[in-house]
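# What the coordinates show
Listed here are the chains, written in short residue letters.
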Amino acid sequence: RVELVESGGGSVQAGGSLRLSCAASGATHSSYCMAWFRQVPGKGREGVARIRMGSDIGGDITYYFDSVKGRFTISRDNAKSTLYLQMNSLKPEDSAMYYCAADERVGFCSSGHGRYNYWGQGTQVTVSL
């Protein structure tokens, strides 16, 4: 069982930055795919970014959805069992509840939210003009 706890959300003005953290505990492994999703009331959960173990050389591979590409950076610190999302050049449309998630399936790292095994409670991000 894995526990995920997000933090770092808050209220900022457009153009500002925030760094979200997701602390993982329990039976975690660096091989897990980790992802960030976001959701606003009345809409479905949408992907933000994800990170997975790379090829046989061991490097991580990252993916970004078009809406955040070039502005957000996903990373992780395996020693601290923590996932991060650095958000720069924030826009009002980035306002949402942000969730981190983990997929324990080996070799999988889905762009959709349906196959992730573990979820955090969410942290609110509000971007104003």
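Refer to the structure above for everything that follows.
Attention in this report is confined to the structure presented alongside it. (Residues numbered from 1 in each chain as written. Predicted model: local features only at pLDDT ≥ 70, side-chain atom pairs only at ≥ 80, totals over all residues. Heavy atoms only, no water.)

## Focus: the overall build of the protein
Our working definition: A run of H or I in DSSP counts as a helix once it spans at least four residues, and a run of E counts as a strand once it spans at least two, with each numbered from the N terminus. To get the radius of gyration, use the C-alpha atoms; to get the globule rule, take the number of residues to the power 0.38 and multiply by 2.2 Å. Any two residues whose heavy atoms approach within 4.5 Å at even a single point are treated as in contact. Method for areas: the Shrake-Rupley scheme with a 1.4 Å probe, in which residue coverage is limited to the protein chains shown. The positive count covers Lys and Arg only, the negative count covers Asp and Glu only, and His and the chain ends enter neither. Every charge is mapped onto a representative atom, which is NZ of Lys, CZ of Arg, CG of Asp or CD of Glu.
Broken down by element type, the protein carries zero helices and eleven strands. The linear arrangement of helices and strands in the protein, starting from the amino end, is β-β-β-β-β-β-β-β-β-β-β. Taken over the C-alpha trace, the protein has a radius of gyration of 14 Å; the compact-globule value for 129 residues is 14 Å, and the two agree within 12%. Viewed in the frame of its principal axes, the protein has a C-alpha envelope of about 45 × 30 × 25 Å. Within the protein, contacts between residues at least 6 apart in sequence are counted, and of these 57% link residues at least 24 apart. Accessible surface for the protein amounts to roughly 6,700 Å². Of this, 50% is attributable to carbon and sulfur atoms. For the protein, the centre of its 14 positive side-chain charges and the centre of its 11 negative side-chain charges are spaced 2 Å apart.

## Regarding the environment of serine 110
Filter applied, for reference: By the criterion applied in these results, polar contacts are pairs of N or O atoms within 3.5 Å in which, for protein atoms, one can donate a hydrogen and the other can accept it, and in which residues neighboring in sequence qualify only through two side-chain atoms.
Inspection of the secondary structure puts serine 110 in the loop between strand E9 (96-103) and strand E10 (118-119). Along the primary structure serine 110 and methionine 87 are separated by 23 residues, whereas in three dimensions their C-alpha atoms are 21 Å apart. If we skip the residues at most four places from it in the chain, serine 110 touches Arg50, Asp103, Arg105 and Tyr116. Polar side-chain contacts of serine 110 include one of 3.1 Å to the backbone nitrogen of glycine 112.

## Describing the nonpolar core
The criterion, for reference: Here, nonpolar core refers to any group of buried Ala, Val, Leu, Ile, Met, Phe, Trp, Tyr and Cys residues whose side-chain atoms link them within 4.5 Å. Residue exposure (1.4 Å probe, protein chains only): buried if accessible area is under 20% of the type maximum, exposed if over 50%, otherwise partly exposed.
Residues Leu4, Trp36, Leu85, Met87 and Tyr98 are the most contacted members of the largest nonpolar core, which totals 27 residues. Contributions of two or more residues to this core are made by strand E1 (2-7), strand E3 (18-26), strand E4 (33-39), strand E5 (46-53), strand E7 (72-77), strand E8 (82-87), E9 and strand E11 (123-128). Excluding its chain neighbours within four sequence positions, the residues that come into contact with tyrosine 98 are Glu6, Leu20, Trp36, Phe37, Arg38, Val48, Phe72, Leu85, Met87, Gly122, Thr123 and Val125. Counting residues in hydrophobic clusters, the runner-up holds six residues, among them Cys33, Ala35, Phe37 and Ala101.

## Points about the sheet that holds E8
The condition is simple: For two strands to pair, DSSP has to find at least two bridges joining them. A fitted line through C-alpha atoms serves as each axis, taken over the contacting stretch for helices, and the angle formed by two N-to-C directions is quoted from 0 to 180°.
The four strands are arranged E1-E3-E8-E7 in an open sheet whose pairing can be described as antiparallel. In the strand order of this sheet, the two ends are held by E1 and E7, each with one partner. Across this sheet, the average inter-strand angle for adjacent strands is 15 degrees, counted without regard to direction. Where E3 meets E8, six bridges bridge the pair, whose relative direction is antiparallel. Within E8, the position partnered with alanine 23 by the bridge is threonine 82.

## Quick word on the state of the cysteines
The test is simple: Any pair of cysteine sulfurs within 2.5 Å is marked as a disulfide.
All chains considered together, the criterion is met by two disulfides. Each sulfur of the disulfide joining cysteine 22 and cysteine 100 lies 1.9 Å from the other. Across the S-S bond of cysteine 22 and cysteine 100 the torsion is about 50 degrees, and the bridge reads as right-handed. With cysteine 22 in strand E3 and cysteine 100 in strand E9, the pair connects residues that are 78 residues apart, well separated along the chain. Judged on exposure class, the residue cysteine 22 and its partner cysteine 100 are both buried.

## Focus on the pairing of E4
Summarising burial for E4: six of the seven residues are buried, a large majority. Inspection of the sheet shows E4 paired to E9 by seven bridges, in the antiparallel sense. Across the sheet, residue arginine 38 finds its bridge partner in E9, namely tyrosine 98. Direction of pairing for E4 relative to E5: antiparallel, over a ladder of five bridges. Bridge pairing in E5 links tryptophan 36 to alanine 49.

The values are spatial; any link to function lies outside them.
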